[in-house]
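Chain by chain, the residues:
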Amino acid sequence: MGEKFKAPRGTLDALPADQPIRRAIEDVARRELELAGYGRIDTPAFEDTELFARGVGASTEVVQKQMFTFTDQGGRSLTLRPEATAAICRAYVEHGMHKLPQPVKVWTSGPMFRHERPQAGRYRQFTQVDAEAIGSDSPLVDAEMIALAWDILEGLKVPGARFSVGSLGSVEARAAYLDELREHLRAHESKLSVEVRERIDLNPLRAFDAADEGTQAVMADAPRLLERLEGADAEHFAEVRAGLDALGVSYEVDPTMVRGLDYYTRTVFEVHADGLGAQSQIGGGGRYDGLVEQLGGPPTPAMGWAFGVDRIALAMAGDVEGGRDKATGPGGVFVVADDDEARARALQVVTTLRRGGVRADLDLAGRSQKGQMKQADRSGADAALVLGAGGGASVRDMRSGEQRDVDPDAYVGELTERPLS
Ligand code: HAM
């Protein structure tokens, strides 16, 4: 026997049994987003490395440590996308989408890649559902998008989903604040962890995330960006909050929220859920008013978010049945054959049912009739159609166990409104 292979470290096989819940997540998201006028966009799984270096930010951990980067045969540096936002902005600029009515509302879903230390809920390939509204700075966009995220998670009944919202202000306001924060950190430098000390210049906001006691004590009385918001920034945040309140979204205000990507301005938000341990963040996003311009487009404000499908599936793991109902609807028909002659007809019946849009299946392992009935039950079918010798048939209701004789042609015709082929 040859050597057995395993999926690469930090990756996940989503087996058929895992799919109902994953599909429910995507289906609910798609329905809500399409009702709200978001159109599907798909971009490649890899891009020029420079797009992410510039878009996501050279000082971020994502760019410094987590990118899967390779050189193609032409000597170009390419990177598997660690997220969707920079790529969608690239597409917006490349296809002149600023000429369309604004904002351009798009969504996507697909695999993202980050070379992180694997643990439960943290993978090197994971799936995101992502939505972006590009071309408006209205606080109504922020409220609409956060409320959509809320409605999607409510629709899925994700256990313990909690929203927190913050604001980082404009680029200029943030720059002034960051100077103030650096001063505070330098004044207490000896108490900080080595990691935080090394990042005072590059990314002082990260200090709010530190796990060590020394840094946490210093951060307890550090200046807060939210308290420094002024003028148009403060007004924008107040309007976002008023919008969320009017839409019935519950959230807490987090004055020290730090997102892992550099492009955020003004509104930021995160969603956490129960039962996930350290990786409790199931989604997050915010406004990124400078990114499109940074990627060579016209000055264009924008807002977006992304959810981790794998993490939401984990959080919903106890609710597979619920997920199945939401995803697949009625269970269809399992065709049971009495003898070899009926077996040959069973595939014909099943094919006709499927062509008529009815979910249908049959035994392909030579089981006895009793074994086939067991299989019918296990498959979740609503009914078993038992084909007898000599062309007769009966239908068993799998819920009530009631059985009645039927004419197979008429039964199939009734379900599909088509004659048996
Ligand atoms: P993010 O917070 O980096 O934001 O990722 C969004 C979500 O993806 C996270 O909340 C998490 O659920 C999931 N996720 C991230 N990394 C992993 C991982 N290694 N394993 C499993 N799940 C993961 C963004 O990516 C932004 N592009 C969101 C955005 C869109 N902002 C504006 N527009």
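Please read all numbers here as calculations on a predicted model, not as lab measurements.

A. Local environment of helix α1 (residues 19-35). The terminal C-alpha atoms of α1, which comprises 17 residues, lie 24 Å apart, in line with the 24 Å expected from a rise of 1.5 Å per residue. For α1, the set of buried residues is Pro20, Ile21, Arg22, Ala24, Ile25, Val28, Ala29, Glu32 and Leu33.

B. Summary view of the site of the ligand. Around the ligand lies a shell of 27 residues, among which Glu83, Glu116, Tyr123, Tyr264 and Gln281 are the nearest. Within the side chain of glutamate 132, a nitrogen or oxygen atom sits 2.9 Å from a nitrogen atom of the ligand. In this structure, an oxygen atom belonging to the ligand sits 2.9 Å away from a side-chain N or O atom of arginine 259. Out of a free accessible area of 660 Å², the ligand has 96% covered by protein chains. Sorting elements by how many residues they give to the shell around the ligand places strand β10 (residues 281-287) first, with six residues. Here the shell around the ligand is composed, by residue class, of nine nonpolar, ten polar and eight charged.

C. Quick look at the domain arrangement of the protein chain. Assigned domains within the protein chain: domain 1 (16-169 + 229-316), domain 2 (172-227) and domain 3 (333-417). Placing a centre on the C-alpha atoms of domain 1 and another on those of domain 2 gives a separation of 25 Å. Contacts between the two partners involve 16 residues from domain 1 and, on the opposite side, 14 residues from domain 2. Regarding the contact of domain 1 and domain 2, the summed buried area is about 1,400 Å², with carbon and sulfur atoms giving 54% of it. At the boundary of domain 1 with domain 2, the tally comes to zero salt bridges. Looking at the side of domain 1 that touches domain 2, the elements that each hand over two or more residues are α3 (61-65) and α9 (231-246). Split into classes, the residues belonging to the side of domain 1 that touches domain 2 amount to seven nonpolar, five polar and four charged.

D. How the structure looks around the packing of α1 against helix α5 (residues 139-156). Look at α1 against α5: their axes get within 9 Å of each other, and the N-to-C directions meet at 140°. When the axes of α1 and α5 are compared, the pair comes out oblique. In the packing of α1 onto α5, the handedness of the crossing is right-handed. On α5, the residues that touch Ala24, Ile25, Val28, Ala29, Glu32 and Leu33 of α1 are Leu148, Asp151, Ile152 and Leu156.

E. Representation of unusual backbone geometry. The omega angle of the peptide bond from glutamine 102 to proline 103 is -5°, so this bond is cis rather than trans. Structurally, the position occupied by proline 103 is in the loop between α4 (85-94) and β5 (104-113). Even without being a glycine, lysine 157 presents a positive backbone phi close to 55°. Counting through the fold element by element, lysine 157 comes out in the loop between α5 and β7 (162-167). Not every positive phi belongs to a glycine, and arginine 266 is a case in point at roughly 55°. Structurally, the position occupied by arginine 266 is in strand β9 (residues 265-272). A relative accessible area of 14% means that arginine 266 is categorised as buried.

F. Structural context of the side chain of threonine 300. Along the chain, threonine 300 falls in the loop between α10 (291-294) and β11 (302-308). A polar contact is formed between the side chain of threonine 300 and the backbone oxygen of proline 298, at a distance of 2.6 Å. Discounting residues that sit within four places of it in the chain, threonine 300 has contacts with Tyr92, Ile134, Gly135, Tyr288, Asp289 and Val292.

G. Summary view of the nonpolar core. Ranked by size, the top nonpolar core spans 48 residues in total, and within it Ile134, Leu181, Leu185, Phe208 and Met219 carry the most contacts. Secondary structure elements with two or more residues in this core: α2 (49-55), α3, α4, β5, β6 (125-134), α6 (171-187), α8 (213-220) and α10. The element contributing the most residues to this core is α4, with six residues. For this core, the domains that each give at least three residues are domain 1 (16-169 + 229-316) and domain 2 (172-227). Discounting residues that sit within four places of it in the chain, leucine 181 has contacts with Pro204, Leu205, Phe208, Met219, Ala222 and Pro223.

Here is what the cut-offs are and how they apply
- Residues numbered from 1 in each chain as written.
- Predicted model: local features only at pLDDT ≥ 70, side-chain atom pairs only at ≥ 80, totals over all residues.
- Heavy atoms only, no water.
- Helix = DSSP H or I, 4+ residues; strand = E, 2+ residues; numbered from the N terminus.
- Expected span 1.5 Å × (residues − 1).
- Buried < 20%, exposed > 50% of the residue type's maximum accessible area, 1.4 Å probe, protein only.
- Near = heavy atom within 4 Å.
- Polar contact = N/O pair within 3.5 Å; in protein donor to acceptor, adjacent residues only side chain to side chain.
- Areas by Shrake-Rupley, 256 points an atom, 1.4 Å probe, with all protein chains shown as cover.
- Nonpolar A, V, L, I, M, F, W, Y, C, P; charged D, E, K, R; others polar.
- Domains from an automatic or database assignment.
- Contact = heavy atoms within 4.5 Å.
- Buried area = accessible area lost by both parts, 1.4 Å probe.
- Salt bridge = Lys/Arg side-chain N within 4 Å of Asp/Glu carboxyl O.
- Axes fitted to C-alpha atoms, helices over the stretch in contact; angles between N-to-C directions.
- Parallel < 35°, antiparallel > 145°, perpendicular 65-115°, else oblique.
- Left-handed = near helix turned anticlockwise from the far one by under 90°.
- Core = buried A, V, L, I, M, F, W, Y, C linked by side-chain atoms within 4.5 Å.

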